[in-house]
Amino acid sequence: MDAAVATSLLWITVAAVLAPLIAGSLPRRLVPEVVLLLVAGVVIGPYALGIASVDTEIDMLRELGLGLLFLLAGYEIDPKELTGRGGRRALVTWVVCFGLAVGAVAVLSVLDVVHAGVAVAIALTSTALGTLLPILADRGLVTTRLGRSVLNHGAVGELLPVIAMAVLLGTRGAVGSLIVLGLFAVVAVLVALLPRWFMREGSQFLQFVRSTSDTTAQTPVRLVMLLLVGLIAVAAVFDLDVILGAFAAGFILRRAVPKGDEQLESKLDGLAYGFMIPIFFVTSGMAIDVHAVAEAPGVLAAFLALLVVVRGVPVFVAARFDRDAEGARFGTSEQVQIALYSTTGLPLIVAVTGIAVSAGHMSNASASILVAAGAITVLIMPTLAGLLPRPSLQPLADPADPNRIGPDR
């Protein structure tokens with residue numbers, strides 16, 4: 001590691017340490033730690049102080065941080081919820097959002113305001129579930145009814161945009177991209193079957209994994225990292241985004257440990273949120289060209305407004321039809337909170353704009369504006385949701401219940 005890389009990593013680590021300290025000192029933790037990580041990235045990045053840069057080595061750490069972020073997001077999702085009433089409603093809501101987005105960018109394209117219309121439309125429909133997870137966890141909302149609704153919209157708002165990216169922004173064409181997605185799905189299913197073969201109750205391999213879980217071998221953690229890196233590698237071979245491989249790894253991990261594993265989760269949280277994920281957010285902030293954003297405040301405001309109209313409003317309406325087992329509906333305040341959380345976007349906006357810039361369909365300045373808008377949603381949407389009356393924090397089910405929504409984190 002040369003001096004420049006070491007210096008950049010030092011400043012990124014400093015930012016990662018300062019962010020939770022500052023966030024914890026603010027009343028009610030209204031400003032999420034993620035926002036402070038982004039702001040710190042802007043400050044130390046090449047478009048501000050210029051004391052840190054993203055070299056090849058740091059970019060690898062950044063990709064692993066992104067992978068862990070989406071692995072944990074996929075792990076939090078209960079597949080039964082996605083196939084249930086709430087999941088189906090979230091799916092229909094996303095389709096409505098995408099239709100609105102396509103219509104909006106079509107009008108803007110005619111007015112010569114938007115050039116990479118498909119990329120912008122996909123970005124408008126995304127929800128940063130991975131970004132929201134630490135925020136929801138800090139506020140004790142993950143296992144609540146409101147949290148369940150956010151998780152449903154967030155899961156669909158991450159998975160379907162990733163699929164749309166692969167199909168609509170791929171270089172193979174729609175048919176070729178669908179074939180590649182199908183092949184990736186086959187590989188993922190085969191990988192998902194491995195735990196059934198090797199982790200059978202009473203098997204020697206399972207006994208070995210358990211016996212080495214607290215030793216220097218840390219076999220369970222290494223197996224999870226193998227799962228993550230392996231599916232990321234498969235996605236790369238198929239020329240798919242790293243997010244798809246990481247999300248699939250999270251789903252497979254949930255299938256392998258359906259009741260959760262507090263010890264494993266604690267170790268993964270330490271690795272992910274303690275080091276790797278902060279690197280992703282700080283480096284995302286470093287990519288924002290503040291000068292380009294400052295020169296086009298109208299475009300920034302327009303994109304923020306479109307996010308609210310295209311993503312927030314349909315989710316707000318859909319939440320009105322969500323009922324619990326006793327038939328109770330969300331109040332208006334809770335609907336607003338669900339809409340605000342669901343309008344929070346960033347990682348997918350970074351991914352979509354990155355693909356569009358690489359393909360030559362979008363300038364770096366335009367991409368910076370869209371990423372800045374995504375960063376602003378991370379700043380203002382959860383903060384506004386936190387100002388509203390808090391919903392009941394009573395869990396949906398007993399923590400030992402395998403049908404609950406995700407583990408306590």
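Residues numbered from 1 in each chain as written. Predicted model: local features only at pLDDT ≥ 70, side-chain atom pairs only at ≥ 80, totals over all residues. Heavy atoms only, no water.

Enquirer: Got a sec to walk through the overall build of the protein? Specific residues and values, please.
Expert: Each helix and strand counted, the protein has 18 helices and zero strands in total. Relative to a compact globule of 409 residues, whose C-alpha radius of gyration would be 22 Å, the protein shows 21 Å and is just as compact. Long-range contacts, defined as pairs at least 24 residues apart, comprise 80% of the intrachain contacts of the protein with a sequence gap of at least 6. With 26 positive and 29 negative side-chain charges, the protein shows a separation of 10 Å between the mean positions of the two kinds. (Helix = DSSP H or I, 4+ residues; strand = E, 2+ residues; numbered from the N terminus. Rg over C-alpha atoms; globule rule 2.2 N^0.38 Å. Contact = heavy atoms within 4.5 Å. Lys, Arg positive; Asp, Glu negative; His and termini not counted. Charge placed at Lys NZ, Arg CZ, Asp CG, Glu CD.)

Enquirer: Can you tell me about the confidence of the model for the protein, naming the residues and giving the values?
Expert: One rule of thumb: low pLDDT means the predicted coordinates there are not for detailed reading. Residues of the protein with pLDDT of at least 70 account for 93%, and the chain-wide mean is 85. In the model, residues 398–409 has pLDDT below 50 throughout and makes 33 contacts with residues more than four positions away in sequence or in other chains. (pLDDT = per-residue confidence, 0-100.)

Enquirer: Describe the environment of Ala166, naming the residues involved and giving the relevant values.
Expert: Relative to the elements of secondary structure, Ala166 occurs in helix H8 (residues 145–168). Separated by 43 residues in the primary sequence, Ala166 and Val209 place their C-alpha atoms 36 Å from one another. If near-sequence neighbours (up to four positions away) are discounted, Ala166 is found in contact with Ser177, Leu181 and Leu240.

Enquirer: Lay out a nonpolar patch on the surface with the relevant residues and their values.
Expert: Judged by side-chain polarity, Leu10, Trp11, Val14, Val17, Leu18, Leu21 and Ile22 come together as a nonpolar surface patch covering roughly 620 Å² of accessible area. Structurally, Trp11 can be placed in helix H1 (residues 3–25). (Patch = residues over 30% accessible without salt bridge, like charges linked within 9 Å, V, L, I, M, F, W, Y side chains within 5 Å. Areas by Shrake-Rupley, 256 points an atom, 1.4 Å probe, with all protein chains shown as cover. Salt bridge = Lys/Arg side-chain N within 4 Å of Asp/Glu carboxyl O.)

Enquirer: Which residues make up a positive patch on the surface, and what values do they have?
Expert: Together, Arg85, Arg88, Arg320, Arg323 and Arg329 make up a region of like positive charge exposed at the surface. In this fold, Arg323 is placed in the loop between helix H15 (297–319) and helix H16 (332–342). Taking the relative accessible area as the measure of exposure, Arg323 reaches 36% and is therefore partly exposed. (Buried < 20%, exposed > 50% of the residue type's maximum accessible area, 1.4 Å probe, protein only.)

Enquirer: Report on the packing of aromatic side chains, specifying residues and quantitative values.
Expert: Applying the stated criterion to the full structure yields four aromatic pairs. Aromatic side chains Phe280 and Phe281 sit 5.2 Å apart centroid to centroid with 65° between the ring planes, which places their arrangement in the edge-to-face category. For the pair formed by Phe280 and Phe281, the shared burial category is buried. One aromatic cluster in this structure is built from Phe70, Phe247 and Phe251. Directly above the ring of Tyr75 sits Arg254, whose terminal nitrogen or CZ lies 4.1 Å from the centroid. (Phe/Tyr/Trp six-rings, centres within 6.5 Å; stacked < 30°, edge-to-face > 60°. Lys NZ or Arg CZ within 6 Å of the ring centre and 35° of its normal.)

Enquirer: Provide a residue-level description of the nonpolar core, including the pertinent values.
Expert: If you look at the biggest cluster of nonpolar residues, it comprises 119 residues, and the most contacted ones within it are Leu124, Leu240, Phe281, Phe303 and Tyr341. Among residues more than four places away in sequence, those in contact with Leu240 are Ala166, Val180, Leu181, Phe184 and Ala235. (Core = buried A, V, L, I, M, F, W, Y, C linked by side-chain atoms within 4.5 Å.)

Enquirer: With reference to specific residues and values, describe unusual backbone geometry.
Expert: Residues other than glycine seldom take positive phi values, yet Gln218 does so here, at roughly 45°. Checked against the element boundaries, Gln218 lands in the loop between helix H10 (204–211) and helix H11 (219–237). The backbone of Asp239 shows a phi angle near 60°, a positive value even though the residue is not glycine. Here Asp239 shows up in the loop between H11 and helix H12 (242–256).

Enquirer: Can you break down the packing of H16 against helix H18 (residues 364–387) residue by residue, with the values?
Expert: Closest axis-to-axis distance for the H16/H18 pair is 8 Å, and the angle between their directions is 160°. Comparing the axis directions of H16 and H18 gives the class roughly antiparallel. The crossing of H16 and H18 is left-handed. Counted together, Gln337, Leu340 and Tyr341 of H16 and Met381, Pro382, Leu384 and Ala385 of H18 form the full contact between these two elements. Of the residues in the contact of H16 with H18, the class split is six nonpolar, one polar and no charged. (Axes fitted to C-alpha atoms, helices over the stretch in contact; angles between N-to-C directions. Parallel < 35°, antiparallel > 145°, perpendicular 65-115°, else oblique. Left-handed = near helix turned anticlockwise from the far one by under 90°. Nonpolar A, V, L, I, M, F, W, Y, C, P; charged D, E, K, R; others polar.)

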